[in-house]
Amino acid sequence: MRIDLHTHSTASDGTQPPAEVVRSAVEAGLDVVALTDHDTTAGWAEAADAARRYGIVLVPGTEVSCSYHGVSVHLLSYLQDPAAPGLLTETERARESRLHRAERMVELVAADYPRLTWQAVLDHTRAGTTVGRPHLADALVDLGYFPDRDTVFRDVLTERSRYYVPHYAPDPVTAVRLVREAGGVPVFAHPLASRRGRTVGDDVVEAMVDAGLAGLEVDHRDHDPEQREHLRALARRWNLIVTGSSDYHGDGKPNRIGENLTAEEEYLRILEQATGSAPVRPGQP
């Protein structure tokens, strides 16, 4: 089986609607795809309808934004109950904070790039989208200031930039507990992606394991071979699930859907632990 467990749609910072992400998964020859938009389940219904239509298994999920002493941590939650109050409260709070952060960053960036407006950012979203820095980046590209999203992040939107504004995010240990309470399966996304910024140490991973962390996203384009081997060693030490994923964003990033995959036996371990919801399978009503 070809399994990709990390994709994004226009419900957060991807460039394709959920149904198109599912269609892209089918065109890439995948058997299973997870939709894991940032801090939202808004794309689940559309993706589920598309999965039934195109004949592919959909794993509904979310990428939960977390922060550990100022270090960004992303936690993938698979097959949780989308109405579980604890996790829902935290993700809604994070989304609201992201919105206010984006508004303030537009004000700061527009001082040097005057054609940038809040409406220009909103033009790159749709109803229910988790508004964030990628939409600000897309607006700057569309206005002709930069050639692509990656350049904007490198030159303007990095955490080290004078334009950067932090947003609320739960502690990752708390987030792991909330995902488990919601019946979901928590997997640490790209734990050693140091090219994105600072990363947490193994002690934080261990604390997350103690709270119920199920797995590590090991095979990801932002991990070099040495980092992948280190993560595999951690997975062996704590008997964690090992996943591989594309982190697909449509045209928003160079990541291609299906470029990294999860082994079938690891995927089955996720299914064994999930109690909050179930995969959407072809032929289901």
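Preceding this paragraph is the structure being described.
Student: Lay out the packing of helix α5 (residues 133-142) against helix α6 (residues 149-157) with the relevant residues and their values.
Tutor: Between two packed helices, both the angle of their axes relative to each other and the distance between the axes serve to describe the pair. At their nearest, the axes of α5 and α6 sit 9 Å apart, and the two run at 105 degrees to each other. By the angle between their directions, the pair α5 and α6 is classed as roughly perpendicular. Across the interface between the two elements, Arg133, Pro134, Leu136, Ala137, Asp138, Leu140 and Val141 of α5 pack against Arg149, Val152, Phe153 and Leu157 of α6. Of the residues contributing to the contact of α5 with α6, the split by class is eight nonpolar, no polar and three charged.

Student: Which residues make up unusual backbone geometry, and what values do they have?
Tutor: Despite not being glycine, histidine 69 has its phi angle at roughly 50 degrees, a positive value. Along the chain, histidine 69 turns up in the loop between β3 (57-68) and β4 (71-78). For aspartate 247, which is not glycine, the phi dihedral falls at a positive 60 degrees. Locating aspartate 247 in the fold gives a position in the loop between β7 (241-244) and α10 (264-273).

Student: How would you summarise the nonpolar core if you had to cite specific residues and measurements?
Tutor: Core analysis: the largest hydrophobic core is formed by 30 residues, its most contacted members being Leu75, Phe188, Val205, Met208, Leu213 and Leu216. Broken down by secondary-structure element, the contributors of at least two residues to this core are β3, β4, α7 (172-181), α8 (202-211), β6 (215-219) and α9 (225-238). Beyond its immediate stretch of four places on either side in the chain, phenylalanine 188 contacts Val73, His74, Leu75, Val200, Val205, Met208, Leu213, Gly215, Leu216 and Glu217. Ranked by size, the runner-up nonpolar core spans 19 residues in total, among them Ala102, Ala120, Val131 and Ala139.

Student: Could you give an account of the sheet that holds β7, with specific residues and numbers?
Tutor: Taken together, the seven strands give an open sheet; going across it, the order is β1-β2-β3-β4-β5-β6-β7, and neighbouring strands pair in mixed fashion. With partners counted over all chains shown, the strands left at the sheet margins are β1 (3-4) and β7, one partner each. Sheet analysis places β6 next to β7, joined by four bridges and oriented parallel. From the neighbouring strand, glutamate 217 faces β7, where its bridge partner is threonine 243.

Reading the values: rules and limits
Residues numbered from 1 in each chain as written. Predicted model: local features only at pLDDT ≥ 70, side-chain atom pairs only at ≥ 80, totals over all residues. Heavy atoms only, no water. Axes fitted to C-alpha atoms, helices over the stretch in contact; angles between N-to-C directions. Helix = DSSP H or I, 4+ residues; strand = E, 2+ residues; numbered from the N terminus. Parallel < 35°, antiparallel > 145°, perpendicular 65-115°, else oblique. Contact = heavy atoms within 4.5 Å. Nonpolar A, V, L, I, M, F, W, Y, C, P; charged D, E, K, R; others polar. Core = buried A, V, L, I, M, F, W, Y, C linked by side-chain atoms within 4.5 Å. Buried < 20%, exposed > 50% of the residue type's maximum accessible area, 1.4 Å probe, protein only. Pairing = 2+ DSSP bridges.

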